[in-house]
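Architecture at a glance
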Amino acid sequence: MYLHGTSRINEFGRLEIGGCDTLALAERFGTPLYVYDEELIRRRCREYVDAFRGSGFEFQVAYASKAFCTMAMCRIADEEGLSLDVVSDGELYTALRAGFPPERIHFHGNNKTPEEIEMAIDAKIGCFVIDNFTELRLVNAIAESRGVKVKALFRLTPGVSAHTHEYISTGQTDSKFGFDIGNGAAMAVIEEAAGLSSIEVLGVHSHIGSQIFEVEGFRLAADKVASFAADVRDRLGLVFSVINLGGGFGIRYVEGDKPLPAGTYVRAITDAVREQFTKRSYPLPQIWIEPGRSIVGDAGTTLYTVGSIKDIPGVRKYVSVDGGMTDNPRPALYDAVYEAMLANRANEEASEVVSIAGKCCESGDMLIWDLPLPSPNAGDLLAVSCTGAYNYSMASNYNRIRRPAVVFVRDGQADLVVKRETYEDVAGNDVIPERLRKKEVHQA
Ligand SMILES: *Cc1c(COP(=O)(O)O)cnc(C)c1O
């Protein structure tokens, strides 16, 4: 397993993260456990911010909080000077409750409800990223009724398909997200928005996909966006002050994944925007980007305890752990791949190839196929690396399994940032209607 950030093997032959022995973490907090390397999160934030400083552009680096949205994470994003993307009332609530400055919050999503829009306007968030005509009219009407003007970006589908897995591509014309440039919807929405009293058009947004390992897609998107901006200026006399080129910067999950340094993506973006806008004699806009996965992905490690082992001679050895698709649905959802190691036997050579199964009642609940490990035993501690993005945030209570705790580790200190769910969390919202109540319970 590749050791990310501050991860290392300590003098006891155990995996250590942020100066904390993982075996001690498992004993103190239980398993499964999400462990985040705080220093690595902060380093990832700074790589983007530092790359923009000195580029000559005004910028915002907005952390796409859907990758991992907790109050402690919002605090780190704030401390590191990032902005924040939210996609729902729950994410917005989390950010506000953590004290995240509302003016640096951007609200995304293709179906914001009237209640969510009211909540965001009342909180005075910085910007709506408007996705469709229904939303534009709704936001305008709600803003108008409150006598305020709302800043807006408009999400474009630039017709750029990033080289990535089909399920996580969002830049093509056939997408539930955004306004298509090619079919005229994008021009039409800007024209309509420009005539609305309660909408201030800041500019446009494009997000071409996820887990992208090259810069060509961003260059193409910058070209399309600049060309569209020039068309809007020529037709409507309206000049954009902000261009948001989205997120999707890749990370290393397994050997063979070749992410570029944050600075390389940022330089490609700033160079392309400068070139494409200058070419069209267009004033240089602010550049906003929205990394999610690449801020938190490789900073997360999930610790599991090994339980049942089923050996099918000549076929496969299934090694089951005390979590699975409930804490990491990505392998089941889109065949995502991960690396892992025995954290308590970190110096031992791999002696066999096994497959890691979750404990849910689904044959598809497999975390890793064909993983070389030193022969695992019940009670061993399995560490799966690179689980920081879209694991906790996508976790479920399937099989009524309680969601794990989350800890941040740094300089030998471990702090709980999300408590492990209790049975009360699992069943506490259930209500038994009067007519279904057990007599004894009823009379008690
Ligand atoms: C999901 C998403 C992001 C973040 O994507 P990552 O692959 O996690 O960097 C950014 N912007 C938008 C609009 C998104 O939907």
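Per an unreviewed UniProt entry, the protein chain carries the name Diaminopimelate decarboxylase and comes from Paenibacillus thermoaerophilus.

A few points about the environment of alanine 143
Examined against the element boundaries, alanine 143 turns out to sit in helix H6 (residues 133-145). Here the alpha-carbon distance between alanine 143 and glutamate 191, two residues 48 residues apart in the chain, equals 18 Å. If we skip the residues at most four places from it in the chain, alanine 143 touches Ile121, Val148, Val150 and Ser198.

Focus on the UniProt feature "binding site: pyridoxal 5'-phosphate" (unreviewed entry) in the protein chain
Following the UniProt record, the feature "binding site: pyridoxal 5'-phosphate" (unreviewed entry) maps to Gly248, Glu290, Pro291, Gly292, Arg293 and Tyr390 here. Its place among the elements puts glutamate 290 in the loop between strand E13 (286-289) and helix H10 (293-296). Judged by relative accessible area, glutamate 290 falls into the buried class, the value being 5%. Once you skip the residues sitting within four places of it in the chain, glutamate 290 turns out to touch Ala62, Ala64, Asp85, His108, His205, Asn244, Gly246 and Gly247. At 2.7 Å, the side chain of glutamate 290 forms a polar contact with the side chain of histidine 205. Looking at where proline 291 falls in the secondary structure, it is placed in the loop between E13 and H10. Once residues within four sequence positions are removed from consideration, proline 291 is found in contact with Tyr48, Val61, Ala62, Tyr63, Ala64, Gly247 and Phe249.

Description of the environment of leucine 220
With respect to the helices, strands and loops of the structure, leucine 220 is situated in helix H8 (residues 216-236). Judged by relative accessible area, leucine 220 falls into the partly exposed class, the value being 39%.

Some words on unusual backbone geometry
Negative phi characterises most residues that are not glycine, and trans characterises most peptide bonds. Following threonine 31, the chain continues into proline 32 via a peptide bond in cis, with omega recorded as -10°. The phi dihedral of serine 281 is positive, around 50°, even though this residue is not glycine. With respect to the element layout, serine 281 can be found in the loop between helix H9 (262-279) and E13. For serine 281, a relative accessible area of 62% gives the class exposed.

Considerations on the site of the ligand
Not every one of the 14 residues close to the ligand is listed here, only the nearest: Lys66, Ser210, Glu290, Arg293 and Tyr390. At 2.7 Å from an oxygen atom of the ligand is found a side-chain nitrogen or oxygen belonging to lysine 66. Here an oxygen atom of the ligand sits 2.9 Å away from a polar atom, N or O, in the main chain of glycine 292. Across the complex, the protein chains shield 91% of the 390 Å² of accessible surface that the ligand would expose by itself. Within the shell around the ligand, the residues separate by chemical class into three nonpolar, seven polar and four charged.

Here's the deal with the pattern of salt bridges
The full count for this structure, using the stated rule, is 29 salt bridges. Between glutamate 11 and arginine 8 there is a salt bridge, with its nearest N and O atoms 3.6 Å apart. Measuring nitrogen to oxygen at the nearest pair gives 2.6 Å for the salt bridge that ties arginine 345 to aspartate 380. Of this pair, arginine 345 sits in the loop between strand E16 (340-342) and strand E17 (352-357) while aspartate 380 sits in the loop between strand E18 (366-373) and strand E19 (381-385), and the two are 35 residues apart along the sequence. Via salt bridges that share partners, Glu38, Arg42, Arg46, Glu79, Glu80 and Arg410 belong to a single interconnected network.

Rules and cut-offs
- Residues numbered from 1 in each chain as written.
- Predicted model: local features only at pLDDT ≥ 70, side-chain atom pairs only at ≥ 80, totals over all residues.
- Heavy atoms only, no water.
- Helix = DSSP H or I, 4+ residues; strand = E, 2+ residues; numbered from the N terminus.
- Contact = heavy atoms within 4.5 Å.
- UniProt positions renumbered as here; feature names shortened; annotations may be inferred.
- Buried < 20%, exposed > 50% of the residue type's maximum accessible area, 1.4 Å probe, protein only.
- Polar contact = N/O pair within 3.5 Å; in protein donor to acceptor, adjacent residues only side chain to side chain.
- Near = heavy atom within 4 Å.
- Areas by Shrake-Rupley, 256 points an atom, 1.4 Å probe, with all protein chains shown as cover.
- Nonpolar A, V, L, I, M, F, W, Y, C, P; charged D, E, K, R; others polar.
- Salt bridge = Lys/Arg side-chain N within 4 Å of Asp/Glu carboxyl O.

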